[in-house]
Amino acid sequence: MFGTIFLLLNGLLLLVLLYSSRTRNFILPLNCCVLWVLPVLDRQKNEPPLDKGFLPWLGHALEFGKDAAKFLTRMKEKHGDIFTVCVAGHYVTVLLDPNSYDSVLYDTKSLDFTRYKNQIIKRVFMGVVNLHSDAVFIWHSRRHFHGLNLSKLSSSMKTHLQTLLMDDQKGCSPSEWKQDGLFSLCYSLLFRAGYLTLFERGDDATAVYTEFRKFDGLLSKMARCTLKRGKHESRKANSSRERLWELLSTTWLRRGSEVGCWQQSYQCYLQEEGVDAEMQKRALLLQLWATQGNAGPAAFWLLGFLLTHPEAMKAVKAEIRGLAPQDSSLQQPPLNKLETHSTPVFDSVLSETLRLTAAVIITREVVQDKTLHMANGQNYHLRRGDRVCLFPFLSPQMDPQIHQEPQKFKFDRFLNDDMTEKNTFYKDGKRVKYHSMPWGAGTNVCVGKEFAIRGIKQFVFLVLTHLDLEICDPQAKVPPVNPSRYGFGMLQPDGDLQVRYRLKRTWH
Ligand code: HEM
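Computed from a predicted structure; not experimentally measured.

On to the nonpolar core. Judged by nonpolar contacts, the single largest core of 119 residues is most densely connected at Val 94, Cys 186, Ala 299 and Leu 302. With 13 residues, helix α8 (residues 182–199) is the single largest residue contributor to this core. Looking at which domains feed residues into this core, each of domain 2 (47–115 + 359–392) and domain 3 (134–358 + 393–507) gives three or more. If we skip the residues at most four places from it in the chain, Cys 186 touches Gly 296, Ala 299, Phe 300 and Leu 303.

In structure tokens form, the structure reads like this:
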């Protein structure tokens, strides 16, 4: 009797194990009371190495969420350029060979890029699913960040940056130093200028910025569903989101009659798509995040690196001075020279900054079984229902085989000896197609790239030409990155870099 029950239990356990496990386990009943579960023969032919982690279902979720770069570096050292990990019930194949990225980026048949994204959007922005599709991408790229529209937007951005910078200095005496965190200084100015440019409203830019920073601070936790209830984080996130919806929709309503601005045409697009009013306002917050969440942090890292690397600052300032015509009556080079003259040093500094601090994770869902062809000739089988992701931050950006001393900021890394842009890099003697991917690639490429580059350069140019700016502690270094931000575009610092600044005498 007991024997029968025991055998039945064994059978049941075997079924559960086989069902819940992705592996094909061998179960050997020994001495009628011990079960040996051997994870052998566990991979289908040609599948990437599997690392499930110790925790059932959760797998590596905690380590991944805490510091994705550290975790994936460990996995890369253990398994190589391709492996599959279990993360909160999902099997995620991580590909870290940039020469093989195209087989993921350009496969729209077996891989789907909207499903996973929509899931995150649903968590963070409470809806707006199905808006975030190829159609939105095309709408953005074709109509708004190119050609004449791009010139108009950049020109408006320039005006807003200049006005805000000067307004913020109003009431200060010429010799008076102000002290602030560099991150706050950069984020606040670029966010407000970007918001005024794209959303075309003035009086609430500071309120929107203040609320957005609260929301942005909880973003990674919202996306990973790790908001702490005890600390009222959920409540904080909800109220911040609602306040932003409110601020953005009043903006929208007041501007309702004007045609032609970015926000207005986005509204028209949504209405044509049959999106209801509630979803429209949620979509606006998503757009606010996509368009204003990265430039400020990028400008912070750029200025932070310049301030802590005097040789780089000297080279950039020399290049800026060179933009001023010799006989110019102006004491400062005009801002519009940035668009008409090449600035290879400045461009190299920006590329180097983004190499070190842009960390998008590109994720796709496998919708039908796929064979992934690697550049080295190996083929791997990807299972339907799994996810595949690329983490360009680890490779190419921080890959020591592509970039020597990858942890170091080298302002001339992207400069050739003849001062042209250096864009050829090699791995194992073979030229790499992607040597840095801050803007994503394929269907994940940033549609605001040109606008962002111009805005960041305008901002840095203005700061360097209008302000005396120095770090409070001459020995200070740029702060470390906040490791929870890997995967969400530009990284943010853990802490800030204290600076003091005042308007240059020429501008008083
Ligand atoms: C340093 C600054 C920036 C970086 C590094 C950056 C990077 C990226 C990346 C990697 C993506 C793809 C994300 C993904 O699909 O997972 C993206 C998407 C996008 N970016 Fe940027 N971006 C920056 C600034 C901007 C700016 C200033 C704008 C617009 C004014 C902008 C507009 C967008 C939009 C609209 C998308 C598409 C979002 C969507 O899929 O609907 N970005 N960006």
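Glancing now at the site of the ligand. Neighbouring the ligand are 23 residues; Asn 294, Gly 440, Cys 446, Gly 448 and Ala 452 lie closest to it. Elements represented by at least two residues in the shell around the ligand include exactly α6 (134–143), α13 (277–292), α14 (295–308) and α19 (449–466). Residue composition of the shell around the ligand, by class: 14 nonpolar, nine polar and no charged.

Among the five residues in strand β8 (residues 362–366), four count as buried, and that is most of the element. Direction of pairing for strand β6 (residues 111–112) relative to β8: antiparallel, over a ladder of two bridges. Residue pairing in the sheet places Leu 111 in a bridge with Val 366 of β8. Examined bridge by bridge, β8 and strand β11 (residues 387–390) share four bridges and lie antiparallel to one another. Following the sheet pairing, Ile 362 is matched in β11 by Leu 390.

Here we take up the packing of α14 against helix α15 (residues 310–321). Axes are the key here: two packed helices are described by the angle between their axes and the distance separating the axes. Axis separation between α14 and α15 bottoms out at 5 Å; the angle between their running directions is 110°. The orientation of α14 with respect to α15, classified from their angle, is roughly perpendicular. In this structure, α14 contributes Phe 305, Leu 306 and Leu 307 to the contact, and α15 contributes Ala 312, Met 313 and Val 316. Broken down by class, the residue content of the contact of α14 with α15 amounts to six nonpolar, no polar and no charged.

Okay, the sheet that holds strand β15 (residues 498–503) next. Ordered by their spatial adjacency, three strands build an open sheet running β7-β15-β14, and the pairing between neighbours is antiparallel. Where the open sheet ends on each side, the last strands, each with one partner, are β7 (178–181) and β14 (467–471). Averaged over all pairs of adjacent strands, the angle between their axes in this sheet comes to 30°, without regard to strand direction. Of the strand pairs in this sheet, β7 and β15 are connected by four bridges, and their pairing is antiparallel. Paired with Gln 179 across the strands is Arg 500, a residue of β15.

With that out of the way, let us pick up the sheet that holds strand β3 (residues 50–51). Spatial ordering of the open sheet is given by β3-β4-β5-β11-β8-β6, a layout of six strands whose pairing is mixed. The sheet is open, and its two edges are formed by β3 and β6, each paired on a single side. Across the sheet, helix α5 (residues 114–125) lies against β6, β8 and β11, angled at about 115° from β8, the strand it touches most.

This next bit is on the UniProt feature "binding site: heme" (unreviewed entry) in the protein chain. As recorded in UniProt, the sites labelled "binding site: heme" (unreviewed entry) are Cys 446. The residue Cys 446 is located in the loop between β13 (430–431) and α19 in this model. Note on Cys 446: 21 C-beta atoms within 10 Å, which makes it buried. Excluding anything up to four places from it in sequence, Cys 446 contacts Trp 439, Gly 440 and Ala 452.

Right, let's get into α15. Between its first and last C-alpha atoms α15 spans 16 Å; for 12 residues at 1.5 Å apiece the expected length is 16 Å, and the two agree. The set of residues buried in α15 consists of Ala 312, Val 316 and Ile 320. Axial view of α15: buried residues confined to an arc of 70°, hence all on one face. For α15, the exposed residues lying more than 90 degrees away from the buried face are Pro 310, Glu 311, Ala 318 and Arg 321. Check the buried side of α15 and you find it contacts α14, α17 (344–357) and α19.

Rules used in this analysis
- Residues numbered from 1 in each chain as written.
- Predicted model: local features only at pLDDT ≥ 70, side-chain atom pairs only at ≥ 80, totals over all residues.
- Core = buried A, V, L, I, M, F, W, Y, C linked by C-beta atoms within 7 Å.
- Buried ≥ 20, exposed ≤ 12 C-beta atoms within 10 Å, placed from the backbone.
- Helix = DSSP H or I, 4+ residues; strand = E, 2+ residues; numbered from the N terminus.
- Domains from an automatic or database assignment.
- Contact = placed C-beta atoms within 7 Å.
- Near = placed C-beta within 6 Å.
- Nonpolar A, V, L, I, M, F, W, Y, C, P; charged D, E, K, R; others polar.
- Pairing = 2+ DSSP bridges.
- Axes fitted to C-alpha atoms, helices over the stretch in contact; angles between N-to-C directions.
- Parallel < 35°, antiparallel > 145°, perpendicular 65-115°, else oblique.
- UniProt positions renumbered as here; feature names shortened; annotations may be inferred.
- Expected span 1.5 Å × (residues − 1).
- Arc of directions from axis to C-beta.

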